[in-house]
Amino acid sequence: MPDRAPIACFEEQARRHPRRIAVRAADGALSYGELDTLAGGFAAAAAAAGLRPGERVGLRLTRGARLAVAVLGCAKAGLPYVPLDPAYPSERTALVADRAALALTVGDEDFDGLAVRLPAAVPAVRPPTPGVAYVIFTSGSTGVPKGVPVTVASLSALFAATDRLFDFGPDDVWALMHSHNFDFSVWEMWGAWRSGGELAVPDQPTLRSPDRTAQWLADAAVTVLNQVPTVFGYLVQALAERSSALPAVRHLVFGGEELSVPAVRRWRALGHRAAVTNMYGITESTVHATFRRLAPDELPPDHPTPIGRPLPGLAHRVVDDALRPVRAGHGGQLLLSGGQVLTGYLWDEERSAERLVRLPDTGEQRWYATGDLVVEEAGELHYLGRADRQVQLRGYRIELGEVEAALLRTGAVHAATVSVASTPRGDRQLVAHVVPAAPATTADLRRAVAALLPEHMVPSRFVQVEELAVTASGKLDRSPTAAHRPLP
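*Asks:* Explain the overall build of the protein chain here, please?
*Replies:* A tally of regular secondary structure across the protein chain gives 13 helices and 27 strands. Taking 2.2 N^0.38 as the reference for a compact globule, 488 residues should give roughly 23 Å; the C-alpha atoms of the protein chain span a radius of gyration of 23 Å, in line with that estimate. Considering only C-alpha atoms, the protein chain reaches an extent of 65 × 55 × 45 Å along its principal axes. When burial is assessed residue by residue, the protein chain has 55% of its 488 residues classed as buried. For the protein chain, the computed accessible surface area is about 20,500 Å², with 51% contributed by carbon and sulfur atoms. Averaging the locations of the 50 positively and 53 negatively charged side chains of the protein chain gives two centres separated by 1 Å.

In structure tokens, the structure reads:
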């Protein structure tokens, strides 16, 4: 169903297969027919509450069937939803709610079972945003979250492109592994419902435990598993410790971070034969922008990570700081253009003008400047890292991502993050937080990475921890104040 809005695809599945399970969660399992009826009730309640199409609705909902009802109900009513995960800090949630100018916020308390009882909407303080499916707020360099409105047309374009690359179908069970504050969840929810599959939803305590997650994935017979590489590393470790596997998984899709080749190697060593796909994307390009399927026996280099080619319908350029094309084989910033790319940030003309640029040879066509560095070789893109993760120490320019990749390549660590810290004397040095693969001394770690990197790129300090901290979106927390779990 490549050219239809996702909600239309869901409704067709509900008409054709009303008894097939659409969502299974701790708070209930719903068939397509039941979910369609409840979502229709949500849309009717929204209209009765005074909401007009295009007005934004905050979803402050825990993981489960209620979230499914609300997301589909908003789609039926033409209401852009703004995710407000209760697990996120309340201060940030309040800031997002204010900047989104919500007409209504829906919480678990607004449901009677799985049927909704909506309060009256507040008078609009900002105009409606018609045609928008959802608005996700991402971190801003100024510390103020920026709103990314993703249109129904952009969402349709995403699936029109990926339908050609995957064979998802009604027998698939998709796991909702990510918070609805993270757009990976959009791919998981609509990927299941468009194709008539089942969306299986683990609760939050399960997701906090790799061992419990592994058992839940096996029990739910999940066939489509989407993972951020850092979290995947912990899952694979749990599977290895249990000497178990997930034979039902037939598609393993990565996104959100650079691929962890050691984790893929360990996954395959457990006997998994799932198709492994690495996808690069950002919220501004509607979840995924590139596609790279790994051959069954392929293990690409740790760095630079191959992210493949842009999805059909997306154009790309690799440019220097002056937006001039770079020569093949040279690194530069990735620009994207096409139906999946945002047309502007929510009520932020200055930021929109900064990131949406025009090139001399493409007229009025606008390109999104991703801030991600890539190199293109033989028609394939390789990810080098964020432009803002490049640091300069002692006269050398250093990509922190390259140091992290080298640490993983040693085989001495399962996971690593590298940052810059100041010493008591005021000097700046590289500090590596690592999860060791086996007991090791600092000298062992330094010796291993020194065999792969020049001296100026070898971290001055190594801090061994039991587990690296992740953000609420499941991405590796690289902030200086990240609370990595110490070794016992």
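*Asks:* Explain the packing of aromatic side chains to me, please; I cannot follow it from the model alone.
*Replies:* Given two aromatic rings, one states the distance between the centres and the angle between the planes to describe the pair. Counted according to the given criterion, the structure contains 15 aromatic pairs. With 4.6 Å between their ring centres and 65° between their planes, Phe168 and Trp174 make a pair best called edge-to-face. The pair formed by Phe168 and Trp174 is uniform in burial state, with each residue classed as buried. Judged by centre distance (5.9 Å) and plane angle (70°), the ring pair of Trp174 and Trp187 falls under edge-to-face. You can see Trp174 sitting in strand 10 (residues 173-175) and its partner Trp187 sitting in helix 6 (residues 184-194), a full 13 residues away along the chain. Per residue, the accessibility class of Trp174 equals that of Trp187, and both read buried. Here the aromatic residues Phe159, Phe166, Phe168, Trp174, Trp187 and Phe291 are joined through ring pairs into a cluster of three or more.

*Asks:* Even after reading the chapter, I still don't get the sheet that holds strand 25 (residues 428-436), so can you show me in this structure?
*Replies:* Where strands meet in a sheet, backbone hydrogen bonds hold them as pairs that are either parallel or antiparallel. Spatially, 24-25-26-27 is the arrangement adopted by the 4 strands of the open sheet, whose pairing is mixed. Across the chains shown, the open sheet's two edge strands, defined by having one partner strand only, are strand 24 (413-422) and strand 27 (485-486). As defined by bridge partners, strand 26 (residues 461-467) adjoins strand 27 across 2 bridges and the pair is classed as antiparallel. By the bridge assignment for strand 27, Glu467 is matched with Arg485. Sheet strands touched by helix 12 (residues 400-409): strand 24, strand 25 and strand 26. Its angle to strand 24, the strand with the most contacts, is close to 145°.

*Asks:* For this particular structure, what's the right way to read the nonpolar core?
*Replies:* It is characteristic of soluble globular proteins that their nonpolar side chains tend to be buried jointly. In this structure, Leu35, Leu59, Trp187, Trp190 and Trp193 are the most contacted members of the largest nonpolar core, which totals 83 residues. In terms of residue count, the dominant contributor to this core is helix 3 (residues 65-77) (9 residues). Excluding its chain neighbours within four sequence positions, the residues that come into contact with Leu59 are Leu67, Ala70, Val71, Cys74, Tyr81, Val82, Pro83, Leu84, Asp85, Val106 and His180. Among the nonpolar cores identified, the runner-up in size contains 25 residues, and Met177, Phe254, Val261 and Val264 belong to it.

*Asks:* It is not clear to me how helix 9 (residues 229-242) should be interpreted in this structure. Could you clarify?
*Replies:* The periodicity of an α-helix, 3.6 residues per turn, causes residues three or four positions apart to be oriented the same way. The end-to-end C-alpha distance of helix 9, which contains 14 residues, comes to 20 Å, matching closely the 20 Å that a straight helix rising 1.5 Å per residue would cover. At its buried positions, helix 9 is contacted by helix 8 (210-219), strand 12 (224-227), strand 13 (251-254), helix 10 (261-269), strand 25 and strand 26. Backbone geometry just after helix 9 places Ser243 at a positive phi near 55°.

*Asks:* What should I look at first to understand the packing of helix 1 (residues 6-16) against helix 6 in this one?
*Replies:* In a pair of packed helices, the angle between the axes and the distance between the axes together describe the arrangement. Remark: helix 1 packs on helix 6, axes separated minimally by 8 Å, with the N-to-C direction vectors making an angle of 40°. The orientation of helix 1 relative to helix 6 falls into the category oblique. Residues Pro6, Ile7, Cys9, Phe10 and Gln13 of helix 1 lie in contact with helix 6, whose contacting residues are Trp190, Trp193 and Arg194. Its residues placed into classes, the contact of helix 1 with helix 6 shows 6 nonpolar, 1 polar and 1 charged.

*Asks:* What exactly am I supposed to notice about the environment of Asp85 here?
*Replies:* With respect to the helices and strands, Asp85 occurs in the loop between strand 4 (81-83) and helix 4 (90-100). The class of Asp85 is buried, set by a relative accessible area of 9%. Measuring from C-alpha to C-alpha, the distance between Asp85 and Gly58 comes to 9.6 Å, with 27 residues separating the pair along the chain. Setting aside residues no more than four positions away along its own chain, Asp85 makes contact with Leu59, Thr93, Ser179, His180 and Asn181. Within the structure, the side chain of Asp85 is placed 2.8 Å from the backbone nitrogen of Ala87, a separation counted as a polar contact.

*Asks:* Would you mind going over the packing of helix 3 against helix 6 with me for this structure?
*Replies:* Contact geometry of helix 3 with helix 6 gives a least axis separation of 12 Å together with a crossing angle of 75°. Taken as axis vectors, helix 3 and helix 6 run roughly perpendicular relative to one another. In this structure, helix 3 contributes Ala68, Val71, Leu72 and Ala75 to the contact, and helix 6 contributes Met189, Trp190 and Trp193. Across the contact of helix 3 with helix 6, the residue classes tally to 7 nonpolar, no polar and no charged.

*Asks:* Looking at this structure, I do not really get helix 10. What am I missing?
*Replies:* Along helix 10, the residues classified as buried are Val261, Pro262, Ala263, Val264, Trp267 and Arg268. If you follow the buried residues of helix 10, they end up packed against helix 9, strand 13, strand 14 (275-278), strand 15 (290-294) and helix 12. Phi for Gly271, located one or two positions after helix 10, is positive at around 100°.

*Asks:* Please explain the pairing of strand 12 as it appears in this structure.
*Replies:* Every other side chain in a regular strand lies on the same face of the sheet, so the side chains alternate between the two faces. Alternating positions in strand 12 separate into two faces, Val224 and Asn226 on one and Leu225 and Gln227 on the other, with burial throughout. By the bridge criterion, 4 bridges tie strand 12 to strand 13 in an arrangement that is parallel. When the bridges of strand 13 are listed, Val224 appears paired with His251. After leaving strand 12, the chain enters helix 9 and then returns to the sheet as strand 13, a path that is right-handed.

Basis of the calculations
Numbers given to residues run from 1 along each chain, matching the order in which its sequence is written. Confidence filtering applies because this is a predicted model: local features only for residues at pLDDT of at least 70, side-chain atom pairs given and counted only at 80 or more, and all residues used for totals across whole chains, interfaces and linings. Calculated side-chain values reflect all of the structure's heavy atoms, with hydrogen atoms and water omitted. Helix and strand assignments follow DSSP, with helices taken as H or I runs no shorter than four residues and strands as E runs no shorter than two, numbered in order from the N terminus. Atoms counted for the radius of gyration: C-alpha only. Globule rule: 2.2 Å times the number of residues to the power 0.38. Throughout this description, buried means an accessible area under 20% of the type-specific maximum (1.4 Å probe, protein chains only), exposed means over 50%, and partly exposed covers the range between. Accessible surface is estimated by sampling points in the Shrake-Rupley manner with a 1.4 Å probe; for residues, cover comes only from the protein chains shown. Think of it this way: Lys and Arg go in the positive column, Asp and Glu in the negative one, and His and the chain ends go nowhere. A charged residue contributes its charge at one atom only: NZ of Lys, CZ of Arg, CG of Asp or CD of Glu. Here a pair means two rings of Phe, Tyr or Trp (six-membered ring of Trp) with centres within 6.5 Å. Their orientation is stacked below 30 degrees between planes, edge-to-face above 60, and tilted elsewhere. By definition, two strands form a pair when at least two bridges between them are found by DSSP. Between two residues, a contact is recorded if the distance between any of their heavy atoms is within 4.5 Å. Axes here refer to lines fitted to C-alpha atoms; in helices the fit is confined to the stretch in contact. Angles between the N-to-C directions go from 0 to 180 degrees. Residues enter a nonpolar core if they are buried and are Ala, Val, Leu, Ile, Met, Phe, Trp, Tyr or Cys, with the set joined through side-chain atoms within 4.5 Å. Under the convention used throughout, the expected extent of a helix is 1.5 Å for every residue step, that is, one less than its residue count. For classification purposes, angles smaller than 35 degrees are called roughly parallel, those larger than 145 roughly antiparallel, those between 65 and 115 roughly perpendicular, and all remaining angles oblique. Note on residue categories: nonpolar means Ala, Val, Leu, Ile, Met, Phe, Trp, Tyr, Cys or Pro, charged means Asp, Glu, Lys or Arg, and polar means any other residue, Gly included. Under the rule applied, a polar contact is a pair of N or O atoms within 3.5 Å (in protein, one hydrogen donor and one hydrogen acceptor; residues adjacent in sequence only if both atoms are side-chain atoms). A crossover counts as right-handed when, viewed with the strands pointing away from the observer, the path leading from the first strand over the helix to the second turns clockwise.

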